[in-house]
Amino acid sequence: IDKNLANYSLREGTEALADGLFSECNSLTTFVFPKTVKTIGSSLFFNCSSLSSIEIPDDLSSIEYGTFYGCSSLSTIMIPNSVKTIGDAAFCNCTSLTSIVIPEFVEQIGNSAFDGCSSLALVTSLAITPPTLFFYSSPGHFEGIPNNAVLKVPTVEAYKNSPWSWYFKLIEEIPSSGIADVITDAPDCIFDLTGRRINKETKGQIYIKNGIKYIAK
C-alpha cells in the first residue's frame, strides 16, 4: 500500500482486509469500503491521522482491536447495526470524535475502546441491556473523555447500576421527540429510534418511516 495516498477504494467482491493494511497511512483522508466486506483485521487504520471520512460496511459483525486507533481527524462515524463487538482500543485517541451511536445489538466493548477521545461529548447506546465493558486487570473504556460527557440510553437505571456509570455522571433517557422533523425533510427514508438514517434494516428491530414505527421482518 502506498503510504502517500490521500484517497483509496477497493473493488467490490473483496470480503476481508488484513491486519494493519493501511496502518500509518498518514496522508489518507477518505476510504471507501466495498459493500461485500465482512471481516476487517486489527489495527487496520492504526494512526491514520488524516482520515476524516469513512463508512463502515453494513454486514460487519466486529470492529477489531485498534481498528481506528489514533485517527485523530475522524470527527464522526456510523457504526452499523450488524456490529456486536467493539474491540480493545478500537477508537482510542480519536481526539476529534465528538459523538458516537452504539447500536442496539452490541454485546461487548473492549478495554480502552474509546480512551483518549478528548472531544467525545455525547455517547448514545441503543442497547436495552448495557453492553459488557470487558477489561483485563483494570478498567478503562472511556478514560479521558470530557467530564461533562452525556450518555443517552433507553434504560437509565440499568446503566446507572452498571460499570458505565464509572465514566458517565450524566446519564439521560433517549428522547423520542425530533424524529418527525427529520422524516419530513427525507420522505421514504428509514431511521432508527434516535433519528439516525440507516441504509439496511435488521430483522426484529424497530424503525421509523414517514412518521410510522414498524418492526423489520
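Look up: the structure comes first, before these words.
As a starting point, this report considers the structure included with it.

About the thresholds
Residues numbered from 1 in each chain as written. Predicted model: local features only at pLDDT ≥ 70, side-chain atom pairs only at ≥ 80, totals over all residues. Heavy atoms only, no water. Pairing = 2+ DSSP bridges. Helix = DSSP H or I, 4+ residues; strand = E, 2+ residues; numbered from the N terminus. Axes fitted to C-alpha atoms, helices over the stretch in contact; angles between N-to-C directions. Polar contact = N/O pair within 3.5 Å; in protein donor to acceptor, adjacent residues only side chain to side chain. Contact = heavy atoms within 4.5 Å. Phe/Tyr/Trp six-rings, centres within 6.5 Å; stacked < 30°, edge-to-face > 60°. Buried < 20%, exposed > 50% of the residue type's maximum accessible area, 1.4 Å probe, protein only. Patch = residues over 30% accessible without salt bridge, like charges linked within 9 Å, V, L, I, M, F, W, Y side chains within 5 Å. Areas by Shrake-Rupley, 256 points an atom, 1.4 Å probe, with all protein chains shown as cover. Salt bridge = Lys/Arg side-chain N within 4 Å of Asp/Glu carboxyl O.

## Some remarks on the pairing of strand 10 (residues 122–125)
Where strand 8 (residues 99–102) meets strand 10, 4 bridges bridge the pair, whose relative direction is parallel. Note on strand 10: the bridge partner recorded for isoleucine 102 is serine 125. Pairing of strand 10 with strand 12 (residues 150–153), which is carried by 3 bridges, proceeds in the parallel orientation. Residue pairing for strand 12: threonine 124 is matched across the bridge by lysine 152.

## Some words on the sheet that holds strand 15 (residues 206–209)
Backbone hydrogen bonds hold the strands of a sheet together, and the pairing may be parallel or antiparallel. Read from one edge of the open sheet, 3 strands run 14-15-16, paired in antiparallel fashion. In this open sheet, the two strands that pair with only one neighbour each are strand 14 (190–191) and strand 16 (212–215). Two strands pair when backbone bridges link them, and strand 15 and strand 16 are joined in this way by 4 bridges, in the antiparallel orientation. When the bridges of strand 16 are listed, lysine 209 appears paired with isoleucine 212.

## Re the sheet that holds strand 3 (residues 30–32)
If you walk across this open sheet you meet the 3 strands as 1-3-5, and the pairing is parallel. Both edges of this open sheet fall to strand 1 (7–9) and strand 5 (53–55), since each of them pairs with a single strand only. With direction set aside, neighbouring strand axes in the sheet form an average angle of 15 degrees. One ladder, built from 3 bridges, connects strand 1 with strand 3; its direction is parallel. Of the residues in strand 3, the one forming a bridge with serine 9 is valine 32.

## What about unusual backbone geometry?
Here glutamate 24, not a glycine, exhibits a phi torsion of approximately 65 degrees, which is positive. As for its position among the elements, glutamate 24 is in the loop between strand 2 (16–17) and strand 3. In this structure, serine 112 takes a positive phi of about 60 degrees despite not being glycine.

## Section: the side chain of serine 112
Along the chain, serine 112 falls in the loop between strand 9 (108–109) and strand 10. Reaching out from serine 112, the side chain makes a polar contact with the side chain of aspartate 115 at a distance of 3.1 Å. Discounting chain neighbours no more than four positions away, the residues touching serine 112 are Ala89, Cys92, Gly140 and His141.

## So, the packing of aromatic side chains
One pass over the structure, following the stated rule, counts 18 aromatic pairs. Both rings, one in phenylalanine 22 and one in phenylalanine 45, keep their centres 5.6 Å apart while their planes meet at 10 degrees; by these two values the pair is stacked. Of this pair, phenylalanine 22 sits in the loop between strand 2 and strand 3 while phenylalanine 45 sits in the loop between strand 4 (39–40) and strand 5, and the two are 23 residues apart along the sequence. Here phenylalanine 22 falls in the buried class, since its relative accessible area comes to 1%. Given a relative accessible area of 0%, phenylalanine 45 falls into the buried group. Their ring planes at 80 degrees and their centres at 4.8 Å tell us that phenylalanine 31 and phenylalanine 33 sit as a pair that is edge-to-face. By the burial criterion, phenylalanine 31 is buried, and phenylalanine 33 matches it.

## Topic: the environment of cysteine 92
One can find cysteine 92 in the loop between strand 7 (85–86) and strand 8. On a C-alpha basis, the gap between cysteine 92 and serine 118 in space is 9.9 Å, while along the polypeptide they are 26 residues apart. The residues contacting cysteine 92, other than those within four sequence positions of it, are Phe68, Tyr69, Gly70, Ser112, Ala113 and Asp115.

## With respect to a nonpolar patch on the surface
On the surface, Leu193, Ile206 and Ile215 cluster together into a nonpolar patch covering about 240 Å² of accessible area. Considering the arrangement of structural elements, one finds isoleucine 206 in strand 15. Overall, the relative accessible area of 36% leaves isoleucine 206 in the partly exposed class.

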